[in-house]
Amino acid sequence: MDEATDDLKAPPLIFPGQRGPESAYRTAYDLLSRRAPVEALEVLEPALEQEPRNTGLRSLRAWAFLLRAQLGRAEEELASLVAENPDDDWARHALGRALERQARLAEALPHLRLAAAMSGDPEHEVAVLRVERRLAELGERSFDDLT
């Protein structure tokens, strides 16, 4: 990183005067969209102490873990979110990506396939193709089985 980036610090509160999980959500989302996961976690953790079951905040925490390459923590959070809400295509796709990044391709593939089928998102379909191809290259699947 260059010196200018090292000095750049996101403000702890972007929506002054507002308190509570809804403010934490907006602030953390903004920070994560600017790729500032450490700062987002600083906002999320106190809010999650108040509302530990808040799905939105937990999803943002999982996103922050993914950005920080804390894949085990991301996987744990995402697996819990998927278990609670199996039709959450974002959580399912993110869980598949966390598993893929840990080279657990066979475990990732079902989650990625379901997310692609549920969302119709071309990026989700690309993830499925990428993992299928990698499994075939490793000899764990046949290229003929990919259709």
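Above this text you will find the structure in question.
Here the residue numbers are simple positions, counted from 1 along each chain's written sequence. Local features in a predicted model are, by the rule used here, given only for residues with pLDDT of at least 70; side-chain atom pairs are given and counted only at 80 or more, and totals for whole chains, interfaces and linings are based on all residues. Side-chain metrics rest on all non-hydrogen atoms present in the structure, leaving aside hydrogens and water.

Asker: Break down helix α3 (residues 37-50) for me, with residues and values.
Answerer: Under the DSSP-based scheme used, a helix requires at least four consecutive residues in state H or I and a strand at least two consecutive residues in state E, with every element numbered from the N terminus. Each residue after the first adds 1.5 Å to the expected span of a helix. In this model α3 runs 20 Å from its N-terminal to its C-terminal C-alpha over 14 residues, within 8% of the 20 Å that 1.5 Å per residue would give. One axis is fitted to the seven residues ending at the residue and one to the seven starting there. The bend at that residue is the angle between these axes. Helix geometry: α3 is bent most strongly at Leu44, by close to 25°, with proline Pro46 lying one to four residues after it. Only protein chains enter the accessibility calculation, which uses a 1.4 Å probe; a residue whose area is less than 20% of its type maximum is buried, one above 50% is exposed, and one in between is partly exposed. Residues of α3 that are buried: Pro37, Glu39, Ala40, Leu41, Val43, Leu44, Ala47 and Leu48. Close packing links the buried residues of α3 with α2 (21-33) and α4 (55-67). By definition in these notes, contact holds between two residues if any of their heavy atoms fall within 4.5 Å.

Asker: I'd like a rundown of the nonpolar core, residues and numbers included.
Answerer: Membership of the largest hydrophobic core comes to 36 residues, with the highest contact counts inside it found for Leu44, Leu57, Leu66, Leu78, Leu112 and Val131. Of all elements in the fold, only α2, α3, α4, α5 (71-84), α6 (89-101), α7 (105-119) and α8 (122-137) reach the threshold of two or more residues within this core. Residues contacting Leu44, with those up to four places away along its chain left out, are Ala28, Leu57, Leu60 and Arg61. Only buried Ala, Val, Leu, Ile, Met, Phe, Trp, Tyr and Cys residues count toward a nonpolar core, and they belong to the same one when joined by side-chain atoms within 4.5 Å.

Asker: Outline the packing of aromatic side chains, listing residues and values.
Answerer: Only Phe, Tyr and Trp rings are paired, with Trp represented by its six-membered ring, and only when their centres lie within 6.5 Å; those with planes under 30 degrees apart are stacked, over 60 edge-to-face, the remainder tilted. As enumerated under the stated definition, the model contains two aromatic pairs in all. Relative to Tyr29, the ring of Tyr25 has its centre 6.4 Å away and its plane inclined at 15°; by these criteria the two rings are stacked. One end of the pair is Tyr25 and the other is Tyr29, both in helix α2 and four residues apart, which spans about a single turn. Take Tyr25: its relative accessible area is 35%, and that puts it in the partly exposed class. Within the aromatic cluster, the residues linked to one another by ring pairs are Tyr25, Tyr29 and Trp63.

Asker: Any chance you could break down the packing of α3 against α4 for me, citing the residues and the numbers?
Answerer: Helix axes use the C-alpha atoms of the stretch in contact, all axes being lines fitted to C-alpha atoms, and the angles between their N-to-C directions lie in the range 0 to 180 degrees. One way to put it is that α3 packs onto α4 with a least axis distance of 10 Å and a crossing angle of 150°. Classified by the interaxial angle, the pair formed by α3 and α4 is roughly antiparallel. The two elements α3 and α4 cross, and the hand of that crossing is left-handed. For the pair α3 and α4, the contacting residues are Pro37, Leu41, Leu44, Glu45, Ala47 and Leu48 in the first and Leu57, Arg58, Leu60, Arg61, Ala64, Phe65 and Leu67 in the second. Should an angle fall under 35 degrees it is taken as roughly parallel, and over 145 as roughly antiparallel, whereas 65 to 115 is taken as roughly perpendicular and any remaining angle as oblique. Whether a crossing is left-handed or right-handed is set by the direction in which the near helix is turned from the far one by less than a right angle, anticlockwise for left-handed and clockwise for right-handed.

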